[in-house]
Amino acid sequence: MHSQLLPPSLALLLTACASVPNTPAHAPRITPPNRLDAAAANDAAITGTDRWWTAWGDPALDVLVEKSLEANADIRAAKAHVAAARALVTVAESALYPTVAANGTAWASQSDVGIDDKWQAMLPSLSGNSGSGYLVGLGATWEADLFGGRHADAEMARALSESTARTADGVRLMVAADVVENYQQLQGLRRRLDVLDRSEATASRLVDYAAARQRTGAATAADVTRARNGLEALRASRPALTSLVDARKRRLAVLAGDVPEQAPDMVASATFETPDAPTGQLPSDILDRRPDVAARSWLVNARAARLKSLKADLLPRFAIHFLGQNGHIELGGLPGYGGTGGLVGLSASMPLFNAGRLQASVKAGDAELEAALANYDQAMLSALEEVESAYGFRAGLDERLAGLIRTSDMARRRADQLAILYDAGRTQLGDVLQARLDALSDEDKMEQTRIAQGTATVQLYRALGGGW
């Protein structure tokens, strides 16, 4: 009777001896607002963010983004990290099931045993004989997870796997945004080179005109020098623009998984236009969509599961063991012997003294959970800040571009009006050419602002967390 009562009595004793530190409840401190400050975000019309790069309406860009999402090295590495994290889930979940192992041994021996004469008559068969034998068995162990420690380990592995997957989504988002940003800058730089070509042609005509007037005495050498300085300044700006074009090409090649020397020779797009800012975006939807925020959220779950596992380490552990074996031994001159046997047992363990290591681990896990929550709160705040700032940058550039368009239109009208006056003999050709140069300068400023506007739009879609 005493032996039957021992296991449950031992379990109750070990449980009574357990001392688990109390830890405070944890929860995020940030509550997302109901709406954003940006006017465009609160528009009733909802702009889709899946495949957002198609809003530029450029098939070549669509092909380049899709290729980069398939071949980019960073994305491939992120996929490998996800595969590794998911494999570790299987490792953690395996602790919930029995561990079964088979073993076996076989042997043979040859001996030459010398025996005293007085024993020779009694045991003649032991002199110079061999022996053999085998032993096979099956063992199993299963730990009963009464307090949920191993389940918590599996939950932590699953949460870490999901966090890694969301991080991989963030890599896809960054690669797509990087492709669109470099592509739209490349198109804008090409438009600026076109403006530069026309500006150089006009400045060259102005130099010829000033030189002709100098020969007739109507202009001075200083007038010619000033015209030539303007032309040389335009020519000096070309190398920087062409270098930027080549840099964008090389970047696009690397993003698509190619070597920089194989940069694509993409043609200029005459219809490439920056789309309107996305509308109808709610803070709650943005935070749900942002991969970095989701990754932080899963890390919180992982730390919470880790804390639960650490607390379970302070509690008793119970395991069931089984061992079954079959064997046979045979020695020359003696009868062989063998048979089967089995053993089933229940074990229990309880940490009694570890110099405070387990309790300190619980406190460390509690602090790690608090840090994960703080990082999650910061991720939400940063996401909302990025969205608001991106909307603000885009709105400011929209206003600047509208003003430059008006200025450029007025400059072109002035040049056209001077050309009419020149045809009527009421002004000089130099005034017309200078007005053309002024108009082209305003057009270049307009193209620079369009590039900045496109970059701000990419940053906005990136902040919204779309396209992965």
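Above: the structure in question.
Residues numbered from 1 in each chain as written. Predicted model: local features only at pLDDT ≥ 70, side-chain atom pairs only at ≥ 80, totals over all residues. Heavy atoms only, no water.

Re the nonpolar core
Residues Trp52, Trp56, Leu61, Val65, Val179 and Val180 are the most contacted members of the largest nonpolar core, which totals 28 residues. Listed by contribution, the elements that provide at least two residues to this core are α2 (59–71), α5 (149–215), α6 (221–255) and α10 (429–464). It is α5 that contributes the most residues to this core, 11 residues altogether. Filtering out sequence-adjacent residues up to four positions away, Trp52 remains in contact with Leu173, Ala176, Ala177, Val180, Val458, Tyr461, Gly466 and Gly467. Core analysis: the next-biggest nonpolar cluster, separate from the first, contains 27 residues, Ala38, Leu310, Val362 and Leu384 among them. (Core = buried A, V, L, I, M, F, W, Y, C linked by side-chain atoms within 4.5 Å. Buried < 20%, exposed > 50% of the residue type's maximum accessible area, 1.4 Å probe, protein only. Helix = DSSP H or I, 4+ residues; strand = E, 2+ residues; numbered from the N terminus. Contact = heavy atoms within 4.5 Å.)

A closer look at the packing of α5 against α6
Here α5 crosses α6 at 165°, and the two axes come no closer than 8 Å. By the angle between their axes, α5 is roughly antiparallel relative to α6. Note that α5 runs across α6; the crossing there is left-handed. The class makeup of the residues in the contact of α5 with α6 is 21 nonpolar, seven polar and 12 charged. (Axes fitted to C-alpha atoms, helices over the stretch in contact; angles between N-to-C directions. Parallel < 35°, antiparallel > 145°, perpendicular 65-115°, else oblique. Left-handed = near helix turned anticlockwise from the far one by under 90°. Nonpolar A, V, L, I, M, F, W, Y, C, P; charged D, E, K, R; others polar.)

What to know about the pattern of salt bridges
As enumerated under the stated definition, the model contains 27 salt bridges in all. Arg158 serves as the salt-bridge partner of Glu93, at 2.8 Å between the closest nitrogen and oxygen. Here Glu93 is found in helix α3 (residues 73–93), whereas its partner Arg158 is found in helix α5, with 65 residues between them in sequence. Residue Arg462 is joined to Glu181 by a salt bridge in which the shortest nitrogen-to-oxygen separation is 3.3 Å. Pair noted here: Arg462 is in helix α10 and Glu181 is in helix α5, with a separation of 281 residues, a long-range link. (Salt bridge = Lys/Arg side-chain N within 4 Å of Asp/Glu carboxyl O.)

Focus on a nonpolar patch on the surface
Residues Val100, Leu138, Trp142, Ile320, Phe322, Val344 and Leu346 make up a contiguous nonpolar surface patch of about 650 Å² in total accessible area. Taken together, the elements giving at least two residues each to the nonpolar patch come down to β2 (130–144), β3 (317–331) and β4 (337–349). Its location among the elements puts Ile320 in strand β3. (Patch = residues over 30% accessible without salt bridge, like charges linked within 9 Å, V, L, I, M, F, W, Y side chains within 5 Å. Areas by Shrake-Rupley, 256 points an atom, 1.4 Å probe, with all protein chains shown as cover.)

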